[in-house]
Amino acid sequence: MCGIAGWISFRRDPSADSDTRRIIDAMTRTMSCRGPDAEGTWVDSHAALGHRRLAVIDLEGGGQPMAVEPDGRGPLITTYSGEIYNYRELRAELRTLGHFFTTDSDTEVVLRAYLQWGEDFTSRLNGMYAFALWEPREQQLLLVRDRLGIKPLYYRPTDDGVLFGSEPKAILAHPSVRPVVDGEGLAELLTIAKTPGHAIYRDMYEVKPGHTVRVRREGLTERRYWALEAHEHTDDLPTTITRVRHLLDDIVARQLIADVPVCTLLSGGLDSSVITALAARELRDSGRGPVRSFAVDFAGQDETFAADSLRGTPDRPYAQALARHVDASHTDIVLDVGDLTDPSHRAAVQTARDIPLAVGELDTSLYLLFKAIRERSTVAMSGEAADELFGGYRWFHDGTAAAGDTFPWAAVFGRRGFSGDGGVGAKGSLLDPALLRKTDPEGYLDARYRQALAEVPRLRTDTAEERRMREIGYLHLTRHLQFWLDRKDRMSMATGLEVRVPYCDHRLVEYVFNTPWSMKTFDGREKSLLRAAAADLLPESVAQRVKSPYPSSQDARYPEVLRARLRALLADPSAPVRDLLHLSGAELAARSSGEQYCYSMEFVLALDSWLREYRVELAL
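Since the model is a prediction, treat every value here as computed from it, not as a measurement. Residue indices begin from 1 for each chain and proceed along its sequence in written order. Reporting of local features is limited, given that this is a predicted model, to residues whose pLDDT is at least 70; pairs of side-chain atoms are given and counted only at 80 or more, and all residues count toward the totals for whole chains, interfaces and linings. Hydrogens and water are ignored here; the side-chain numbers use all heavy atoms of the structure.

Here we look at the nonpolar core
Argument step 1. Residue types Ala, Val, Leu, Ile, Met, Phe, Trp, Tyr and Cys, when buried and joined through side-chain atoms within 4.5 Å, form a set referred to as a nonpolar core. Think of it in three bands: residues with accessible area under 20% of the maximum for their type are buried, residues over 50% are exposed, and the middle band is partly exposed, with areas taken using a 1.4 Å probe on protein chains only. Counting 86 residues, the largest nonpolar core has F121, F131, V244, V274, F390, Y503 and L508 as the members making the most contacts within it.
Argument step 2. It is helix 7 (residues 270-285) that contributes the most residues to this core, eight residues altogether.
Argument step 3. Ignoring sequence-local partners within four residues, the contact set of V244 consists of F390, L508, Y511, V512, L529 and A533.
Argument step 4. Residues Y367, A372, L431 and A575 belong to the second largest nonpolar core, which totals 76 residues. By definition, any uninterrupted DSSP run of H or I lasting at least four residues is a helix, any uninterrupted run of E lasting at least two residues is a strand, and each is numbered from the N terminus. Only heavy atoms matter for contacts: two residues are in contact if any of them lie within 4.5 Å across the pair.

Right, dumping it as structure tokens:
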């Protein structure tokens, strides 16, 4: 995995500007965590491209930006981030079509696939990727993002071209850009709509999943090359279970290919246990040794864990049971409250995110887990997306939430939560009510829900229940999943760790999306289809475990640290967030006890840090 950055200027010549090298270096340097192994730039009469490399495939020959020079067409240059899991098959096919390769990298396969098949080459790629292709002769840039949006790619149109980067910070490093957030950007931040293409910052956008953006002198053109489609499912239940298993076998085998150490993230839940068990079998059968697995845990949690409405069981016993079952080399990364509250760790998380979010120690612990793994491995495989795909979240099975007139996860946490004290709505509970009225997050969320619902592909033969569950599946795969993929990407790449997500393989997604809900829950439980497909891989305790979300520390000292920091912030008249707060509410939270205001305090502290560090201008 890597970091990319650059800009195109059709009316100016970056190569003739003495500041060009300094600027592209500054933009690229913001991606240094994403690519700790090497850096490179390419500058010509209208383009400046930058790259930071995390070497995973062809360690010696895969440097970037990479160029090929086909006869008669002039050079084609790419700055590329990602992995193409079928690159070996594509390279073999391209060789039969007359292409010659000078490296063993998947990057060169991408370049030559584009030369052979043009913009339709995206239909042949299996992987996670975000890249830019520059054609000097044609004077055009193509920005490409993978189907599910696993890898990020942002851009900002200019008066004569475009700026782009793997993360907003790369674009913000250009001297012509100011970090401005308007009312819509703030509303997007306060909700969990995760609108495709929205980047929070004004005039900045994400390349949408499954889209390309072509940049020419006359402007930008967006094209969708992939979307979820509705198809009749004709397989019976046994065939469906077998098909899911065959897909998972192939996907995991492909995603274990690397020239560096690969491991798995193992929580002891169904999703990560299936991936770890499949990886263990593939590695054992190919003589590559035991699978290495890692989990996060918290000091003292074995003795003090208390079940709540979200987490009924601790992870460690189940992770260790699976590790013993598949003979994994397993490591628990144990964190304490000092690790979670260390200002340097929280600052690293904020910088990785580029925006303030209220998940607090959940991000910090994930960052520290990845930091520890990176000392032992370069690539990790994760269970992300299984819940969205197979129906694992509790609200899939909550009749009230499923029938609600909003995003199902918002129905569970409460649409009125913007002024409440828990869940998603906690982001707004300490903010000035006048600010909330102006930005109207409730109305914004409702509009985004209507927009998403209008996109859902449907079959005329669906029953009312199947139609609604198809809608809910689509909302999760195109909105909810994006939040978690972004989180996984930012926290992992902040440590130089590549995380692969097998459940996001588009073949599996397309097949399971069109599998009837009655099959996904054939035994009356969540993720019935996945559990059945992996029945022979898991110990009974893991196979039957009820879903438990990502673990959280239960140390009572953690919220007290938040309260102390909130009190210090309220005592600072220069704190930029003060003008956005409902001060009496914030003071009440700072004097409270327990965990009631944790999410609210997390968001206020993150918001203040963001306003300070990024010098954000709020245009409300």
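Still more to cover.
A few points about the packing of aromatic side chains
Argument step 1. Each aromatic pair joins two rings of Phe, Tyr and Trp (for Trp, the six-membered one) with centres within 6.5 Å, and gets the label stacked for planes under 30 degrees apart, edge-to-face for over 60, and tilted for any other angle. One pass over the full model with this rule turns up 13 aromatic pairs.
Argument step 2. Where Y393 meets W395, the ring centres are 4.9 Å apart and the plane angle is 10 degrees; that geometry is what we call stacked. We note that Y393, like W395, is buried.
Argument step 3. These aromatic residues form a ring-pair network of at least three members: Y80, Y114, F121, Y129 and F131.
Argument step 4. Above the face of the F513 ring, R470 is positioned so that its terminal group lies 5.6 Å from the ring centre. Here, a charge over a ring is recorded when the distance from Lys NZ or Arg CZ to the ring centre is within 6 Å and its angle to the ring normal is within 35 degrees.

Comments concerning the sheet that holds strand 13 (residues 219-224)
Argument step 1. Pairing between strands is defined by DSSP: at least two bridges between them are needed. Strand order in this open sheet of six strands is 4-5-6-7-12-13, and the pairing throughout is antiparallel. Either end of the sheet is taken by a strand with one partner, and the two such strands are strand 4 (66-68) and strand 13. Averaged over neighbouring strand pairs, the angle between their axes works out to 20 degrees when direction is ignored.
Argument step 2. Pairing between strand 12 (residues 211-216) and strand 13: six bridges, direction antiparallel. Bridged to T212 within strand 13 is R223. Axis lines are fitted through C-alpha atoms, for helices just across the contact stretch, and the angle between N-to-C directions can take any value from 0 to 180 degrees.

A word on the pairing of strand 12
Argument step 1. Most of strand 12 is tucked away: five of the six residues are buried.
Argument step 2. Pairing between strand 7 (residues 140-145) and strand 12: four bridges, direction antiparallel. Across the sheet, L141 pairs through a bridge with V215, a residue of strand 12.

What about the packing of helix 2 (residues 87-96) against helix 3 (residues 106-117)?
Relative orientation and spacing of two packed helices are given, respectively, by the angle between their axes and the distance between those axes.
Argument step 1. Relative orientation of the contacting elements helix 2 and helix 3 amounts to 45 degrees, with a least axis distance of 10 Å. One finds that helix 2 runs oblique with respect to helix 3. The chirality of how helix 2 crosses helix 3 is left-handed. Here helix 2 contributes Y87, L90, R91, E93 and L94 to the contact with helix 3, which in turn contributes D106, V109, R112, A113, Q116 and W117. Just so you know how the angles are binned, under 35 degrees is roughly parallel, over 145 roughly antiparallel, 65 to 115 roughly perpendicular, and the rest oblique. In a left-handed crossing the near helix is turned counterclockwise from the far helix by less than a right angle, and in a right-handed crossing that turn is clockwise.

So, the confidence of the model for the protein
The predicted coordinates ought not to be read in detail in places where the model reports low pLDDT.
Argument step 1. By definition, pLDDT measures how confident the predictor is in each residue, and it falls between 0 and 100. On average, residues of the protein score 93 in pLDDT, and 97% of them reach the 70 mark or higher.
Argument step 2. Low pLDDT (under 50) marks residues 415-424, which in the prediction has 27 contacts with non-local residues, meaning those over four places away or in another chain.

Observations regarding the sheet that holds strand 1 (residues 2-9)
Argument step 1. In spatial order, the strands read 2-3-1-9-8-11; together these six strands make up an open sheet with antiparallel pairing. Looking at the sheet topology across the chains shown, the edges are occupied by strand 2 (38-43) and strand 11 (205-206).
Argument step 2. Across seven bridges, strand 1 lies against strand 3 (residues 47-53) in antiparallel orientation. Residue pairing in the sheet places G3 in a bridge with R52 of strand 3.
Argument step 3. Sitting on the sheet, helix 1 (residues 20-29) touches strand 1, strand 2, strand 3 and strand 9 (161-165), and the angle it makes with strand 1 is about 145 degrees.

Regarding the environment of E135
Argument step 1. Summarising the element assignment, E135 is placed in strand 6 (residues 127-135).
Argument step 2. Between the C-alpha atom of E135 and that of R615, which follows or precedes it by 480 residues, the distance is 36 Å.
Argument step 3. Sequence-distant contacts of E135, defined by excluding residues within four places in its chain, comprise R73, P75, L76, Y114, Q140 and R214.

Concerning the environment of S609
Argument step 1. Summarising the element assignment, S609 is placed in helix 25 (residues 598-614).
Argument step 2. Each C-alpha atom of the pair S609 and A279 lies 40 Å from the other, and the pair is 330 residues apart in sequence.

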